[in-house]
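# Observations on the three-dimensional arrangement
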Amino acid sequence: MSSNPNIAFIDLKAQQERIRPLLDKALTRVLDHGQYIMGPEIGELEEKLAAFTGAKHCIACSSGTDSIILCLMAKGLEPGDVVFVPTFTFVATAEAPALVGAVPFFVDVLPDTFNMDPASLKDAIVEARKMGLTPKGVIAVDLFGQPAEYNEISTIAEQEDLFLIGDAAQSLGASYGNRKVGSLCELTPTSFFPAKPLGCYGDGGAVFTDDDDLADLMRSLLVHGKGTDKYDNVRIGLNARFDTIQAAVMIEKLAIFPSEVDARDKVAARYGELLSGMAGVPVVAEGSTSVWAQYTVKLPKGVDRDSVQAALSAKGVPSAIYYPIPLHAQTGYLSYPKISNGLPVSEDLSARVISLPMHPYLETNQQDYIVSALKSALKDQQ
Ligand SMILES: *Cc1c(COP(=O)(O)O)cnc(C)c1O
């Protein structure tokens, strides 16, 4: 094996080098006009993102977490209302409903796509009703960059009269059939956290919707529940605005994002070829694309994941575990209801998954190095 080719888990430096002169100019423009709150870049970015996704409205806001909270507030949840969420996801998916006084109800995921299992959702709805709870909505998650099973899930949601939110914090730029993420369900929250496929240089997020009334409501909610102006307060809201300076950064990043999505897909395809037979490689459903927020593989059963991670690290290969503890087993969430079958798929995944370096600037020699490091780590265990 050749010497360590200096591998980043996510390489934001290479991306910055590519657009640095444009970023410098964009930041200078904001410093010159000085409209740090709700400056012209906000509207410009919102228009560009709406066009990019095909959604009618884009409402930029302060984080991915706040974008989910805005959706739930706009839906007018009452205390005790149940929102079904997958247990194998980032905590914010369940934190948002809990924070607004609703009840996150944990559902299992599918073993191949890692996304919410429609059958588990169906069972959970029945169980919730038996428990005397009031189901109100579903938050599906496009985990690791791949859209959830929206055809099945939206059918279930319609039959059961539940709203459907698609947590797209990891999937902006992906598609499902001929539609893009942002136009797959009534409300699509997303995140611009720096490590997401499309990130800014701080916290940020947005909500996409085609619904004029929900869009108006969220624009009010994100500025203290404003009416005609911010000193006319018609409802309880938040301070959840996006910063102008971050919007200026995002406009430059969005311009190169389609080419980055292509590059990510090439990296993932190559991983798939090199790793097949060695680890469980991720499966993208027929008709869908992924933006590969993470490249997450399943190690063979019985492999000691900690030693694999240590062996990779010793060779200079960064890796991460998304997610080591499913949300139903997190201390802060133990009191919330969950489907009664023990959520076996999520339990198994959280014990076996490992995410490898993934970004648009990963070179083939680096990828070869990562794969051979993983191969020898797995061989050491036989
Ligand atoms: C990152 C993430 C969020 C939260 O986004 P922030 O911008 O960090 O608040 C929500 N849901 C999922 C699935 C995420 O990955």
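Conventions and cut-offs
- Residues numbered from 1 in each chain as written.
- Predicted model: local features only at pLDDT ≥ 70, side-chain atom pairs only at ≥ 80, totals over all residues.
- Heavy atoms only, no water.
- Buried < 20%, exposed > 50% of the residue type's maximum accessible area, 1.4 Å probe, protein only.
- Helix = DSSP H or I, 4+ residues; strand = E, 2+ residues; numbered from the N terminus.
- Contact = heavy atoms within 4.5 Å.
- Core = buried A, V, L, I, M, F, W, Y, C linked by side-chain atoms within 4.5 Å.
- Axes fitted to C-alpha atoms, helices over the stretch in contact; angles between N-to-C directions.
- Parallel < 35°, antiparallel > 145°, perpendicular 65-115°, else oblique.
- Left-handed = near helix turned anticlockwise from the far one by under 90°.
- Phe/Tyr/Trp six-rings, centres within 6.5 Å; stacked < 30°, edge-to-face > 60°.
- Pairing = 2+ DSSP bridges.
- Nonpolar A, V, L, I, M, F, W, Y, C, P; charged D, E, K, R; others polar.
- Patch = residues over 30% accessible without salt bridge, like charges linked within 9 Å, V, L, I, M, F, W, Y side chains within 5 Å.
- Areas by Shrake-Rupley, 256 points an atom, 1.4 Å probe, with all protein chains shown as cover.
- Salt bridge = Lys/Arg side-chain N within 4 Å of Asp/Glu carboxyl O.

### Regarding helix α10 (residues 344-352)
- Where α10 is concerned, the buried positions are Ser346, Leu349, Ser350 and Arg352.
- Next to the buried residues of α10 lie β10 (295-298), α9 (305-314) and β11 (353-356).

### A closer look at the nonpolar core
- By size, the foremost hydrophobic cluster in this structure holds 78 residues, and its most contacted members are Leu49, Leu72, Phe84, Leu121, Met218 and Phe242.
- Those residues in contact with leucine 49 that lie beyond four places of it in its chain are Cys58, Leu172, Phe192, Leu198, Phe208 and Leu254.

### Details of the environment of glycine 202
- Relative to the helices and strands, glycine 202 resides in the loop between β8 (188-191) and β9 (205-209).
- Sequence separation between glycine 202 and alanine 279 is 77 residues, and the spatial gap between their C-alpha atoms is 34 Å.
- Apart from the residues lying within four places of it in its own chain, the contact partners of glycine 202 are Phe192, Phe193, Pro194 and Gln246.

### Observations regarding the packing of helix α3 (residues 64-74) against helix α7 (residues 212-221)
- Contact pair α3 / α7: the axes reach a minimum separation of 9 Å and the direction vectors enclose 120°. Judged by the inter-axis angle, α3 sits oblique to α7. By crossing handedness, the relation of α3 to α7 is classed as right-handed. Contact residues: Leu70, Cys71, Met73 and Ala74 in α3; Leu214, Leu217, Met218 and Leu221 in α7.

### Description of the packing of aromatic side chains
- A complete count under the given rule lists 15 aromatic pairs for this structure.
- Seen from their ring centres, phenylalanine 106 and tyrosine 333 are 6.4 Å apart, and the 70° between their planes marks the pair as edge-to-face. Here phenylalanine 106 is found in strand β3 (residues 103-107), whereas its partner tyrosine 333 is found in the loop between α9 and α10, with 227 residues between them in sequence.
- Taking the centre distance of 5.8 Å and the plane angle of 55° together, the rings of phenylalanine 192 and phenylalanine 242 count as tilted. Highlighted residues: phenylalanine 192 in the loop between β8 and β9 and phenylalanine 242 in the loop between α7 and α8 (244-275), separated in sequence by 50 residues.
- Take phenylalanine 192: its relative accessible area is 0%, and that puts it in the buried class.
- Three or more aromatic residues joined by ring pairs form one cluster here, namely Phe9, Phe88, Phe114, Phe144, Tyr322 and Tyr323.

### A closer look at the sheet that holds β9
- Strand order across the open sheet formed by three strands is β1-β9-β8, with antiparallel pairing between neighbours. Looking at strand neighbours, the two that pair on one side only are β1 (57-61) and β8, the edges of this open sheet. Put simply, the sheet's adjacent strands are angled 20° from each other on average, direction ignored.
- One ladder, built from five bridges, connects β1 with β9; its direction is antiparallel. Bridge assignment links alanine 60 to a residue of β9, and that residue is alanine 206.
- Across the face of the sheet, helix α2 (residues 40-53) comes into contact with β1 and β9 while running at roughly 130° to β1.
- Contacting β1, β8 and β9, α3 crosses the sheet at an angle of about 165° to β8.

### What to know about the pairing of β9
- By the criterion of burial, β9 is predominantly enclosed, with five of the five residues buried.
- Covered by surrounding structure in β9 are Gly205, Val207 and Thr209 together with Ala206 and Phe208, the residues of both alternating faces.
- Sheet analysis places β8 next to β9, joined by four bridges and oriented antiparallel. Considered in β9, the bridge of threonine 188 is made with phenylalanine 208.

### Focus on the packing of helix α5 (residues 118-130) against helix α6 (residues 150-159)
- At their nearest, the axes of α5 and α6 sit 9 Å apart, and the two run at 15° to each other. By the angle class used here, α5 and α6 are roughly parallel. Here α5 runs over α6; the crossing is right-handed. Contacts between α5 and α6 involve Pro118, Leu121, Lys122 and Ile125 on the former and, on the latter, Glu152, Ile153 and Ile156.
- Residue classes in the contact of α5 with α6 are distributed as five nonpolar, no polar and two charged.

### A closer look at the sheet that holds β3
- Spatially, the four strands line up as an open sheet ordered β3-β2-β4-β5, and their pairing is parallel. Looking along the sheet, the strands with just one partner apiece sit at the ends: β3 and β5 (163-167). In this sheet, neighbouring strand axes are inclined to one another by 30° on average, regardless of whether the strands run parallel or antiparallel.
- Across five bridges, the pairing between strand β2 (residues 81-86) and β3 is parallel. The residue bridging proline 86 from the neighbouring strand is valine 107, located in β3.
- Those strands touched by helix α4 (residues 92-99) are β2, β3, β4 (134-141) and β5, and its axis lies near 175° from that of β2.

### Describing a nonpolar patch on the surface
- A contiguous nonpolar surface patch, about 470 Å² in accessible area, is contributed by Leu31, Tyr36, Ile37, Met38 and Ile245.
- Note on placement: tyrosine 36 falls in the loop between α1 (12-33) and α2.
- Residue tyrosine 36 is classed as partly exposed on the basis of its relative accessible area, which comes to 46%.

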